[in-house]
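Coordinate inspection notes
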Amino acid sequence: MRDYVSLFRDTPLKKRYNNGDLPIIAGYCAVPDIERTIEMSRSLSKLPNVVCVRGGAYKPRTKPDSFQGLGEEGLKYLVEARELTGLPIVTEIIDPGDVDLFGKYGVDVWQIGSRNMQNFPLLRKVGENRGKTPVLLKRGMSSKPEEVLGSIDYLGDTGLILLCLRGLQKMDYGNPEIARLREGMYHQNPEYRFHCDVDDIEPLKELLKDRNHVIVGFDPSHVSGSHVYVPKVSREAVEHSADFLLIETMLDNDERHGLKCDANQAITTSELEQLISELQKIYSSISR
Ligand code: PEP
Ligand code: MN
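Reference entry: report on the structure contained in this document. Here the structure is a predicted model, which means the values were calculated and not measured.

Before going further, it helps to spend a moment on the overall build of the chain. Along the chain, the regular secondary structure elements total 11 helices and 9 strands. Computed over C-alpha atoms, the radius of gyration of the chain comes to 18 Å, within 12% of the 19 Å expected from 2.2 N^0.38 for 288 residues, which places it in the range of a compact globule. Principal-axis analysis of the C-alpha atoms places the extent of the chain at approximately 50 × 45 × 45 Å. When contacts within the chain are restricted to residue pairs at least 6 apart in sequence, long-range pairs at least 24 apart make up 72% of them. In the structure as shown, the chain presents an accessible area of about 12,600 Å², 48% of it carried by carbon and sulfur atoms. Seen as two clouds, the 37 positive and the 43 negative side-chain charges of the chain have centres 1 Å apart.

Right, here's the structure in full:
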């Protein structure tokens, strides 16, 4: 098993990490408002395994008229919540021009999303400016292993990189047979939002074994696209040796339709609590 205690030593993640635990990052897809941002951080800070709270302030969206995030206001909410609970924050940077802003607010972990995994000016700028700040790098939707390695190398090796697999794009045009020919793979479950790439965790870990500053985790939420499948995909990811999980959540009293982004895939914080105890058992049994 990886020595997370020394991996996390120079990072804010160490604050919450207990030796032998499966590290979990959880929280809203997008920061909603100050009250709920604080409440989310409070609820998660009471759960075991949660090392960091997530919440997008800048959201890359397919359509320009979709909710784009609260911007700097969202960063302020995250920071205010952190002051109250002490739980570190991870949020996505989409613009190289925001590097100073992320530094100013002391964002603990900088997320680079799947759409930007090969945005080389962004990778270069973040690599030059992050110092030892950890980066959560999400695998591109159709990226090959050598492309993932290239992106990691742009970021430099002075701080921890949390590489997160999040499912590969499906292009089935309504015909699974064509999809198989096009992409060389079967859809394990056509109801998932993305092709579930848990099978790639172990080969990628093997490929990265000389890069001691990289750990390989998994995002069951974006794979599933539905809260119903999140527990199943999470279990599969841990069984396939994921080093951490990134899970989108909502509060128990949130209305699902009130979430502005990825509403269908969020599980409640109570469901997360239950899931963590199950996942920890699997994690402990395989890492022994
Ligand atoms: C997210 O984490 O909410 C997100 C936008 O993820 P991805 O880049 O994997 O689509
Ligand atoms: Mn999301």
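Near ligand 1 you find Cys29, Arg54, Lys59, Glu92, Gln111, Gly113, Ser114, Arg115, Lys138, Arg166, His222 and Glu248, and these make up its full shell. With respect to ligand 1, the side chain of Lys138 contributes an N or O atom lying 2.9 Å from an oxygen atom. Protein chains bury 97% of the 300 Å² of accessible surface belonging to ligand 1 in isolation. Mapping ligand 1 onto the cavity grids shows that it belongs to the largest pocket. Of the residues belonging to the shell around ligand 1, the class tally is 1 nonpolar, 4 polar and 7 charged.

On to the layout of surface pockets. The computed volume of the largest pocket comes to approximately 350 Å³. What lines the largest pocket is a set of 20 residues, and nearest its centre among them are Pro60, Arg61, Arg115, Arg193 and Asp262. Looking at the lining of the largest pocket residue by residue, the classes come out as 3 nonpolar, 7 polar and 10 charged.

This paragraph deals with the pattern of salt bridges. Overall, the coordinates contain 15 salt bridges when judged by the stated rule. For Arg36, the salt bridge is made with Asp254, and the minimal N-O distance between the two is 2.8 Å. Taken together, the residues span a long stretch of sequence, with Arg36 in helix H2 (residues 34-45) and Asp254 in the loop between strand E8 (245-250) and strand E9 (267-268) at a distance of 218 residues. When its relative accessible area of 23% is taken as the criterion, Arg36 is described as partly exposed. For Asp254, a relative accessible area of 10% corresponds to the buried category. The partner of Lys209 in a salt bridge is Glu206, with the nearest N and O atoms 3.2 Å apart. Taken together, the shared-partner salt bridges connect Asp33, Arg36 and Asp254 into one network.

Viewed as axis vectors pointing N to C, helix H10 (residues 230-239) and helix H11 (residues 269-287) meet at an angle of 20°, and their least axial separation amounts to 9 Å. The angle between H10 and H11 places the two elements in the roughly parallel class. Here H10 and H11 pass one another in a crossing that is right-handed. Contacts between H10 and H11 involve Pro231, Ser234, Arg235, Val238 and Glu239 from the first element and Leu275, Glu278, Leu279, Ile282, Tyr283 and Ile286 from the second.

Not every positive phi belongs to a glycine, and Asn49 is a case in point at roughly 75°. Within the element layout of this structure, Asn49 appears in the loop between H2 and strand E2 (50-56). Overall, Asn49 belongs to the buried group, its relative accessible area being 7%. Positive phi outside glycine occurs at Asp262, with the angle close to 50°. Mapped onto the elements, Asp262 comes out in the loop between E8 and E9. For Asp262, a relative accessible area of 18% gives the class buried.

What counts, and at which threshold
- Residues numbered from 1 in each chain as written.
- Chains lettered and ligands numbered in written order.
- Predicted model: local features only at pLDDT ≥ 70, side-chain atom pairs only at ≥ 80, totals over all residues.
- Heavy atoms only, no water.
- Helix = DSSP H or I, 4+ residues; strand = E, 2+ residues; numbered from the N terminus.
- Rg over C-alpha atoms; globule rule 2.2 N^0.38 Å.
- Contact = heavy atoms within 4.5 Å.
- Areas by Shrake-Rupley, 256 points an atom, 1.4 Å probe, with all protein chains shown as cover.
- Lys, Arg positive; Asp, Glu negative; His and termini not counted.
- Charge placed at Lys NZ, Arg CZ, Asp CG, Glu CD.
- Near = heavy atom within 4 Å.
- Polar contact = N/O pair within 3.5 Å; in protein donor to acceptor, adjacent residues only side chain to side chain.
- 1 Å grid on protein atoms, 1.4 Å probe; cavity = no way out; pocket = protein on both sides within 12 Å on 5 of 7 lines; lining within 4 Å.
- Sits in = over half its atoms within 2 Å of the grid points.
- Nonpolar A, V, L, I, M, F, W, Y, C, P; charged D, E, K, R; others polar.
- Points joined across faces, edges and corners; volume = space filled by probe spheres on them.
- Salt bridge = Lys/Arg side-chain N within 4 Å of Asp/Glu carboxyl O.
- Buried < 20%, exposed > 50% of the residue type's maximum accessible area, 1.4 Å probe, protein only.
- Axes fitted to C-alpha atoms, helices over the stretch in contact; angles between N-to-C directions.
- Parallel < 35°, antiparallel > 145°, perpendicular 65-115°, else oblique.
- Left-handed = near helix turned anticlockwise from the far one by under 90°.

Without other data, these values stay purely geometric and don't point to any function.
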